[in-house]
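Each chain, letter by letter, is given below.
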Amino acid sequence: MVASKTKQHLLRGLSFLVLAVLLLSGLSWLLRDRQTTLSCLYSEEDNSLDLLLVGSSHVNSGYIPSLLWQENGISACNVYSWSQPMWVSYHYIKEALKTQQPKMIVLELFGMTYGHSSIMPEEIDRTSYQNSFNIDPGLNWLQMIRTAETCGLDLRPYEDFLNLPRYHTRWKQPSLSMLTYNPHKDPDPLKGYGFLLTAVPQQKPEIAPQPALTPYEYCVEYLEKIVALCEKEDIRLVFTITPYVYSEAEQGIFQWISEYAQSHEIPLLNYNGPNRERIGIDYATDLSDWGHLNYSGAQKVTMDLCRFLQDYAQEFPAREEHRNAALLNEQLGYYQRIAQVQPLLSETDYSAWLARAAADPELVVFLQADGTDGEALRLTNRALAEAGHKPIAAGGRMQIDENGAQACGEQLDFALFDKKGRVEFNPAENAILLNGKAAPLGGEAVTAVVYDTVLGRPLESASLSESLEFTHREFTSDLLPQYR
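One structure accompanies this document, and this report is about it. (Residues numbered from 1 in each chain as written. Predicted model: local features only at pLDDT ≥ 70, side-chain atom pairs only at ≥ 80, totals over all residues. Heavy atoms only, no water.)

A few points about the pattern of salt bridges
- A full pass over the atoms with the stated rule returns 19 salt bridges.
- Two residues, Asp304 and Arg278, come together in a salt bridge whose shortest N-O distance is 2.6 Å. On the criterion of sequence distance, the pair formed by Asp304 in helix H13 (residues 295–309) and Arg278 in helix H12 (residues 274–279) is long-range, its members being 26 residues apart.
- Look at Asp304 and you get buried, because its relative accessible area is 3%.
- The partner of Arg337 in a salt bridge is Asp452, and the shortest N-O contact between them spans 2.8 Å. Here Asp452 lies in strand S13 (residues 446–452) and Arg337 lies in helix H14 (residues 325–346), a separation of 115 residues in the sequence.
- When salt bridges with common partners are traced through the structure, they connect Lys204, Glu206, Arg276 and Glu277 into a single cluster. (Salt bridge = Lys/Arg side-chain N within 4 Å of Asp/Glu carboxyl O. Helix = DSSP H or I, 4+ residues; strand = E, 2+ residues; numbered from the N terminus. Buried < 20%, exposed > 50% of the residue type's maximum accessible area, 1.4 Å probe, protein only.)

What follows is the structure in structure tokens.
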């Protein structure tokens, strides 16, 4: 009898423990950060990637996976996080190998400069702490937490990395995405590439060759782990260093990397060395800030990588052998269209912006003017005339598409996001609404929304004040869900 009661107590205790673990696990998943740089990787079909590009934000801004498919027939994805140190790179590779069997990993080595770059290690740790740990909970995640706790100089207690204490106040701002968001169903057609359009001239580093400088000990340790892991998994490893404004100390790190790569027979594409001049990197036009390439620079670096990969073509499956070739072609088309509209997104002159938008047959422009017959309206009509369209009247509403410009009523049916939708004009507030939600910009003399029929989504919201102040804003991925 006593033994039976003891057994019941044990079963109840064990049941309570299991339920508590399941509850904490569920809460941890619920409260996790909905944004993860690995949504591209997680959303890929298993064993569909030929090549992984791994590293920090230098990977996100500097390498365009779509071009590898366009030029080489190679399916690739950027596996990155902001300020990614080498120990995080190691665990990101392990995370990727759960579902992928790549033939090659291109490892970007800015992480090797930890402790020697112009960014203080503590700042790198803080940025990595905020962004790198939003991966699937599991053994690799727990190991990465323990690794970061050991290697980083901004030391934190183990529990600081867990979702529950990090996001425990999120219940104060509940949203449907907390329940529905799944990074495994959030595909990124740009494959982890992030367009940077601005060109901010930088001082070109003119640094004499430096003796090899040994990196931070844990950088070396985890580089060795990555090399060993790739050897074990029969993955070809390629090193790359992306152009940025570097220091003498970092030049010493580059020399150490060069010697290490040579001794281990690992190819190295150092775009802060002779390769920089060979591919024509221009510090006046190819960087968006001191540390990141813009679209122009990314094209140069990625196209050179494509040429390099031609020597390894036999190691990758043929283009037609990819079972997801149709999807890859569709994603390539998406990238090409995004690249095509970049001049519009970066245009700062209102007349040029409106004329360009109104002349593109694959864009639909919704325009609304307030009742003022002022300079803003006259400037708008001059731009419309330049694009070959009729003028809009004061207080008027207009839709411009491949069939020309037509006046609109206050509401019209329009296929938003490639499905039934509604566009409304609110003259009282001079706002344009998509599916009942006001576009981000409005309330000025002229309001506009641009819709891209190729991408199947709103592209930009814009406004022009009577004082001719022009503002436009892209419908970014964080804005789009509320208009669906």
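Things to note about empty space enclosed by the protein
- In this structure the tally under the stated criterion is three cavities of 30 Å³ or more.
- Taken as a whole, the second largest cavity spans an internal volume of roughly 60 Å³.
- Together, Pro65, Ser66, Trp69, Ile74, Ser75, Ala76, Lys191, Leu328, Gln331 and Leu332 line the second largest cavity.
- Elements supplying a minimum of two residues to the lining of the second largest cavity: helix H4 (65–72) and H14.
- Partitioned by chemical class, the residues of the lining of the second largest cavity number six nonpolar, three polar and one charged. (1 Å grid on protein atoms, 1.4 Å probe; cavity = no way out; pocket = protein on both sides within 12 Å on 5 of 7 lines; lining within 4 Å. Points joined across faces, edges and corners; volume = space filled by probe spheres on them. Nonpolar A, V, L, I, M, F, W, Y, C, P; charged D, E, K, R; others polar.)

Things to note about the sheet that holds strand S11 (residues 431–434)
- Spatial strand order, S9-S10-S11-S12: four strands in an open sheet with antiparallel pairing. Whereas interior strands pair on both sides, the edge strands pair on one side only; in this sheet they are strand S9 (411–413) and strand S12 (437–438).
- Looking at chain direction, S9 and strand S10 (residues 422–426) are connected through three bridges and run antiparallel. When the sheet's bridge partners are listed, Leu412 is paired in S10 with Val423. (Pairing = 2+ DSSP bridges.)

Here's the deal with the layout of surface pockets
- As a volume, the second largest pocket reaches approximately 280 Å³.
- Taken together, 18 residues form the lining of the second largest pocket, with Gln251, Asn270, Asn272, Gly273 and Pro274 sitting closest to its centre.
- Among the secondary structure elements, those contributing two or more residues to the lining of the second largest pocket are helix H11 (248–263), strand S5 (268–270) and H12.
- Here the residues of the lining of the second largest pocket sort into eight nonpolar, seven polar and three charged.

Concerning the nonpolar core
- Counting residues in each nonpolar core, the largest one holds 122 residues, and the members touching the most others are Leu51, Met112, Phe239 and Leu367.
- Residue contributions to this core peak at nine residues, all from H14.
- Leave out the neighbours within four places in its chain, and Leu51 touches Leu68, Ile74, Ser75, Ala76, Cys77, Pro102, Met104, Val106, Leu309 and Phe316.
- Among the nonpolar cores identified, the runner-up in size contains 17 residues, and Phe414, Leu416, Tyr451 and Phe475 belong to it. (Core = buried A, V, L, I, M, F, W, Y, C linked by side-chain atoms within 4.5 Å. Contact = heavy atoms within 4.5 Å.)

Quick word on the pairing of strand S4 (residues 236–241)
- In terms of residue burial, S4 counts as a mostly covered element, since five of its six residues are buried.
- Summarising the sheet, strand S3 (residues 104–108) and S4 pair through five bridges and their orientation is parallel. Residue Glu108 lies in a different strand from S4, and its bridge partner there is Thr240.
- Two strands pair when backbone bridges link them, and S4 and S5 are joined in this way by three bridges, in the parallel orientation. Looking across to S5, one finds that Thr240 is bridged to Leu269.
- Crossover handedness for the path S4 to H11 to S5: right-handed. (Right-handed = clockwise from strand over helix to strand, strands pointing away.)

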